[in-house]
Amino acid sequence: MAVMEETYDVVVVGAGHAGCEAALASARLGMETIMFTVSMDSVALMPCNPNVGGTSKGHLVREIDALGGEMGKNIDKTYLQSKMLNRSRGPAVHSLRAQADKAEYSRHMRMTLEATDRLTLRQAEAARLIVENGRVMGIETTSGAIYHAKAVILCTGTYLKARCIYGDVSRNTGPNGLSAANELTDSLKSLGIRMYRFKTGTPARIDRRSIDFSVMEEQVGDEPVTPFSFTNRPEDIAREQISCWLTYTNEKTHEIIRKNIGRSPLYSGMIEGTGPRYCPSIEDKVMKFADRDRHQVFIEPEGESTGEMYIGGMSSSLPEDVQYAMYRSVKGLEHAKITRNAYAIEYDCIDATQLKASLEFKAYEGLFSGGQFNGSSGYEEAAAQGLMAGINAARKIKGLDPVILDRSQAYIGVLIDDLVTKETREPYRMMTSRAEYRLLLRQDNADLRLTGIGYEIGLIDRARYERLLEKEKQIRQEWDRLEQTSVGAGRAVQELLEKHQSAPLRTAATLADLVRRPELSYEALSPIDEERQDLPDDVIEQININLKYEGYIRRQLRQVEQFKKLEEKKIPEEIRYEDVKFLRTEAVQKLNAIRPVSIGQASRISGVSPADISVLLVYLEQLRRKKKGTGQ
Amino acid sequence: MYEDTIAAIATAPGEAGIGVIRISGSRAIPIAGKVFVSMNGKRFEEPESHKAVYGMIKDGDTPVDECILLPMLAPHSYTGEDVVEIQCHGGPMALRTILGLLLRHGARAADPGEYTKRAFLNGKLDLSQAEAVMDVIQAKNPFALESSVRQLKGAVHDRLAGLREELLYELAYLESALDDPEHITLDGFGERLAEKSRKWIGTLHDLMEAADNGRIRKEGIGTVIVGKPNAGKSSILNVLLGEDRAIVTDIAGTTRDTLEETLQLRGIMLRVTDTAGIRETDDVVEQLGVERTRECVKTADLVLYVADSSVPTDENDDAIREMIRGKKAVVLLNKSDLPPVSGEEDFPGFPVISVSAKENTGLDGLYEWIMEQFFQGKISCGDEMIITNVRHKNLLAEAGESLERVLEGIQAGMPEDICAIDLMDAYERLGFITGESVGDDLVNEIFSKFCVGK
C-alpha cells in the first residue's frame, strides 16, 4: 500500500491552547506548519472553566499578547464578562479575568488559524515520532501517514492515555468524551523520555433553567472593561456583560460527601495520578479543611448559545448519584438538572526537567513541547509555553538563538524556569507568589517589558512597536517634567492638599513628590498643574505606579542586577560534573539530571548547596584558564 | 564580578597583640569610611593604595578602638578587589564590635574560603591552587553552618523557628488572599499584620539581647572531659589550668556536677567542661549526671576521654565510646606513672596520648595534637564562633528592620502585597541564620493551610 507522505517545516501535535499558539507563531515566522488535532471541532477547546486569566494567569495572557501571541486578542473577541481582580490591592497583583463564551472562543481561534498563511490543520492522531541520530525527523500518524519536519512540537494536553473517571465509571477518553491518544506515549517511552501520570478534574455542568438564581449573589463585570490585548482600547470591545452567580456549599453538602467518601475513586485508590493542590476537588476541600462550614460555588455561563452553566468550586469524581445529591444540597441548585457529570481525568505528561529553557528536549534536537504535556495546568500556562515553543522551533530552523525570557523579565520566564529546573510532581499552576520580582512583572507593563522582544522575534509589526516607543517616550518625558516642576506653598496648592487631606506644604515641592503621597495621585494634581498636556490613561497609570512605588521598585531592580550576574555566568554544555571532585554526590546527581545552562539556574536546583555553587564557580574558572592554556 | 562586599576577622582568636579585620569588594572603601575617622580629620574616601592611615573606629560618635587602615585597591590586593585591612587592638570584644559595625553598614560576613575563592576567580591565585580552594569551600561550609545552628541553644532556636513559622503563616495567608481574592478576604489584615509585626520586633530584640549575653560562653573550642570515675579527669583539668593561668572566666555550669572553665592553650581558647564520671548505676542522681554528660558531649567540639591505664577497660568504656562516637575525640591514657594494664590497642579508632597528670608529663603531645587539628580546620575555632555570633545578631537586626518597614508601609497606606516584600525579606533573613532557604516554603504553606482555587 502506498504510504502517504508530506513534508513541512514544523509539525504541531495538538490544537489546544498550547498547540494553537505554537502553530500560529511558527507559521507567522515563515514556517510551513501543520497542526494535528484529534477533532477539528475541538480546536482551542476549554474543557474545564469558562474563563481566561485570573491572578497571575492574567499576567501570562498580557505577556503572550505583548509578544505577539493570540490568546489575548481571542478572548477580547469572545468574552462575556471581564473583571480586574485585586483592584484594591497593589498594582503588582491586579489581575485580569474574563468569562469566555467557550464555543465562540473555539470558533474564533479556528477562524484565525484558518486565515493564517502557511498553516494547515489536519484531523489525525500522531502515533509515533520519527527520530534519527538524536534528531527528530517527523511523525507518523495512526493511519501510517508520514509527515517529515525539521521540528516537532508536542502539545498533547490531557489526551495521552487519557482516562476519565467518576465513581466506579472509568472510560479511556480525553476530556468531553473526545478520543484519547493512546499510541504516542509508548513511542515517547521507547525513546527514553520519562513520563509522569497527572490528574485533574472538572465540575458538573447544569441546565440554567433548573437553577434558582434569585437566592444567589450576582457577580457583575467591570465598567468599563480592561482589554487583554494591548491592541484594543476599552471602547473597542465594550459589550453588554453577562453575570455570574455566587452561592455556597453547606453542612448538608459536606455530610453527603463525608458519607460517600469511600466511593470516591480518589480515596479508593482507583486514581493513581497526582492532582494539583490548587483547584482541589470538593471532596478534597471538605476532607482537608474540615473546619470550614462552607465553600464558595460560582455559577458561570458556558456561553451565550447554550444554557449550560459551569459549577465553579465543585469539581469532583464522586459517583453520579452522589453528585446529584451533593449539587442539589446547594442553595439555588435544589432542582438542578445535570447536563454533564463532574469527572477526574488522568493523563500522561513528561518530567519537564528533560527540556531546555527553549522547551526543546535536551536529548532530541528539533523536538519541542508545551502545555499540560509539560506538567503544567491551565489554559494560560499552556498558551504561554506553546508560544515560546513555536517561536523557538522556528528560530531553530532558521539557525537563530532561542528566545529565553528570564525570571526578571516575565511570568513566562518564571513558569518555564520552574518547569525545567524544579522537579514538579503535580500539575504546575502559575501564582504571583512564584515571581520573586513581581513588582516589576506587572500586567500593566507587560507591553513595556515585552513588545520590543516580540518585535525582534517578528511577531509584532512595526506600527505597534512604534506606538510602544511613543508610549515609552511620553512616560519618560512626563516623569522628568514632574520631577523638575516645583510648586510653591501658594493658596491654590494648600487648598487642593487640604481637600485631599494631605499635609500642607511648608516649602516648595516637586509635582513628583506630591504624586508620591499615598492620598494623592497624578490625576488629583491637575488643578495645580497648568502645563499638563493630555496624556493617554495607560501613560498616566505608569507614572502613578512608578512614582508611588519607586523605592520598592528600585530595590527589586537592584536584586535583579544581582540575579542577572549569575544568569550570565554560563556553564559549558559539555561539562562533566563527575570530574568536579569537590561537589557532593547529591549535587552531581541533580546537576546531571537538570544540566543547568547557568550558575543562576544551578543555584535554583534543590539539593545544590551554596558551597556546591562556589565549588562550581572555581571549577569553571579552572576550566577556562586551562583552555586558554595559561597557568595564570 | 561580585557586587557584595565581605568582611571577616583575619587573625586567630585569643588575646593576641593585634587583630586584623579584612574587607573585600567594590564597597570596601565606602563601608570602611563609614566607621573610620582618621587622626588628621581627613575622611577615608579616596585613599591612596597601600598607604596606611591611622585613626579611630567609631560607632556613631562612640569611639570603639584605635586602628590602622591599610587600603589595597583593585587589582593590587589578595582578592583582586578593593580590600581594606583594619588593624586594631586584638581583643575579641573589639574585633567583634568592629565586624558588627561593618556588617551593619552593608558588608556581609564572609563564608569560609570566600577570600581565597575570590582571589582565584580574579586571577590572583595560580591554576594549581584551584583544587585546594574547592577543598576548603566544601570542607568548611557545611561545618560552619552546622556550628552556626548548633550554637543556637535550644530555647533560642525554638523561638527563632517559632517566629519564622508565624511569619510564614501570615505571608501564606496574604498570598492566598491575593491569589484567590474571591475566597479569602484581606479585611482587617493590615491591622493584624501591624500588631504582629510589633510583637515580632519585640521578640527579635529579646533574641538580640540573648545573643549578647550568651557571647562569652560561646567563644573558644567547646571541650568536654569524660571518663570513668577516678580516671583522673579533674587532675587533668587542673593541670591544663595550671599550664596557663590566664583563666578568663569560670562560670558554674547549670548543675553542680558540670563546671565550665575557659582557658588559653598556647593562644587557642578552650572552654572546658568537666563532667561526672560515667559508670553503670542504679543511683538516680548519678544517672542524671550521665544524662547531662551525654548532653554536653552532644554540643562539644572536642572530647577529651580520660582513661586510667592502670586498670582494664570494661563495659563502662564501651558506653563512653558509644556516647562520643562521631565526635572529634582524643584518649588521654592517664597514670602513665603506674604499671600499664590497658593500652592504645584498647581504644581502636581513637588517637591515644599517654599522660600523667600527677607527674605533669605527656601533655605536650596533647597540645600539639590540638594545635594540629585546629590549624587543619578539623575542630571548630573561636573566630567562627565570633563571626557566627556577630552574623546572627546582624541578621536579627536586619529582620527587625524589614519588619519596621512592614509597619511603615502599613502606616503609609501601602497595599498589602507591597508589605509582603519586606515580610518576605524578614523571613529570608531569619532563614539565613539557620541556613534555610525560602525555596517552596511559601507555596507549600499556602496549599497546606489555605483552601485556594475553584
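Residues numbered from 1 in each chain as written. Chains lettered and ligands numbered in written order. Predicted model: local features only at pLDDT ≥ 70, side-chain atom pairs only at ≥ 80, totals over all residues. Heavy atoms only, no water.

Peer 1: Could you clarify how one ought to interpret helix 13 (residues 462-484) of chain A in this entry?
Peer 2: Its 23 residues give helix 13 of chain A an end-to-end C-alpha distance of 33 Å, which sits within 8% of 33 Å, the value for a rise of 1.5 Å per residue. Within helix 13 of chain A, the full set of buried residues consists of R464, Y465, L468, K471, I475, E478, R481 and L482 of chain A. (Helix = DSSP H or I, 4+ residues; strand = E, 2+ residues; numbered from the N terminus. Expected span 1.5 Å × (residues − 1). Buried < 20%, exposed > 50% of the residue type's maximum accessible area, 1.4 Å probe, protein only.)

Peer 1: Explain the pattern of salt bridges to me, please; I cannot follow it from the model alone.
Peer 2: Residues and elements named next belong to chain A. Within this structure, the stated rule accounts for 90 salt bridges over all chains. As a salt-bridge pair, R491 and E495 come within 3.0 Å of each other at their nearest N and O atoms. Separated by four residues within a single helix, R491 and E495 lie in helix 14 (residues 491-499), roughly one turn from each other. Among the salt bridges present, the one from K590 reaches E586, with a minimum N-O distance of 3.9 Å. With K590 and E586 both in helix 18 (residues 585-594) and four residues apart, this pair spans about one turn of that helix. (Salt bridge = Lys/Arg side-chain N within 4 Å of Asp/Glu carboxyl O.)

Peer 1: Sorry if this is basic, but what is going on with the pairing of strand 8 (residues 221-227) of chain B here?
Peer 2: All names here are of chain B. The element strand 8 is largely enclosed, with a buried count of seven among its seven residues. Taking every second residue as pointing to the same face, both faces of strand 8 are buried, with I221, T223, I225 and G227 on one and G222, V224 and V226 on the other. Inspection of the sheet shows strand 8 paired to strand 12 (residues 302-308) by five bridges, in the parallel sense. Across the sheet, G227 pairs through a bridge with V306, a residue of strand 12. (Pairing = 2+ DSSP bridges.)

Peer 1: Explain the sheet that holds strand 4 (residues 51-53) of chain A here, please?
Peer 2: Strand pairs in the sheet, formed through backbone hydrogen bonds, run parallel or antiparallel to each other. All names here are of chain A. Here we have three strands laid out as an open sheet, ordered 4-6-5, and antiparallel in their pairing. The two strands at the open ends of the sheet, each matched to only one other strand, are strand 4 and strand 5 (79-85). Geometrically, the sheet is characterised by an average inter-axis angle of 20 degrees between neighbouring strands, direction not taken into account. Of the pairings in the sheet, the one linking strand 4 to strand 6 (residues 95-100) comprises three bridges and is antiparallel in character. Counted as the bridge partner of V52 is A98 from strand 6. (Axes fitted to C-alpha atoms, helices over the stretch in contact; angles between N-to-C directions.)

Peer 1: Which parts of the structure should I look at to understand helix 9 (residues 320-328) of chain A?
Peer 2: One turn of an α-helix holds 3.6 residues; hence residues three or four places apart share an orientation. Residue and element names in this part refer to chain A. Among all positions in helix 9, only V322, Q323, M326 and Y327 are buried. For helix 9, the arc enclosing every buried residue in end-on projection is 125 degrees, short of the 170-degree limit, so these residues lie on one face. Summarising the contacts, the buried residues of helix 9 are in contact with strand 12 (163-166), strand 14 (195-207), helix 6 (251-259), helix 8 (282-288), strand 18 (308-315) and strand 19 (338-340). (Arc of directions from axis to C-beta. Contact = heavy atoms within 4.5 Å.)

Peer 1: What am I meant to see in the confidence of the model for chain B here?
Peer 2: Low pLDDT marks regions whose predicted coordinates should not be analysed in detail. All names here are of chain B. Averaged over chain B, the pLDDT score is 82; the fraction of residues at 70 or greater is 84%. Across chain B, element-level confidence peaks in helix 1 (residues 28-35) with a mean pLDDT of 95 and bottoms out in strand 9 (residues 250-252) with 39. Low confidence marks residues 244-257, where pLDDT is under 50. Its contacts with residues over four positions away, or in another chain, come to 26 contacts. Of the two predicted TM-score estimates for the complex, the pTM is 0.85 and the ipTM is 0.92. (pLDDT = per-residue confidence, 0-100.)

Peer 1: When you look at the packing of helix 17 (residues 550-568) of chain A against helix 13 (residues 416-434) of chain B in this model, what are you seeing that I'm missing?
Peer 2: Helix-helix packing is described using two parameters, namely the angle between the two axes and the distance between the axes. The geometry of helix 17 of chain A relative to helix 13 of chain B is characterised by a closest axis approach of 10 Å and an angle of 45 degrees between their N-to-C directions. The pairing of helix 17 of chain A with helix 13 of chain B is recorded here as oblique in orientation. Handedness of the crossing formed by helix 17 of chain A with helix 13 of chain B: left-handed. Residue-level contacts link Y552, R555 and Q556 of chain A of helix 17 of chain A to I418, I421, D422 and D425 of chain B of helix 13 of chain B. (Parallel < 35°, antiparallel > 145°, perpendicular 65-115°, else oblique. Left-handed = near helix turned anticlockwise from the far one by under 90°.)

Peer 1: Could you clarify how one ought to interpret a negative patch on the surface in this entry?
Peer 2: Residue and element names in this part refer to chain B. A contiguous patch of negative charge on the surface is contributed by E280, D282, D283 and E315. In this fold, D283 is placed in the loop between strand 11 (268-274) and helix 9 (284-299). Given the relative accessible area of 37%, D283 is considered partly exposed. (Patch = residues over 30% accessible without salt bridge, like charges linked within 9 Å, V, L, I, M, F, W, Y side chains within 5 Å. Areas by Shrake-Rupley, 256 points an atom, 1.4 Å probe, with all protein chains shown as cover. Lys, Arg positive; Asp, Glu negative; His and termini not counted. Charge placed at Lys NZ, Arg CZ, Asp CG, Glu CD.)

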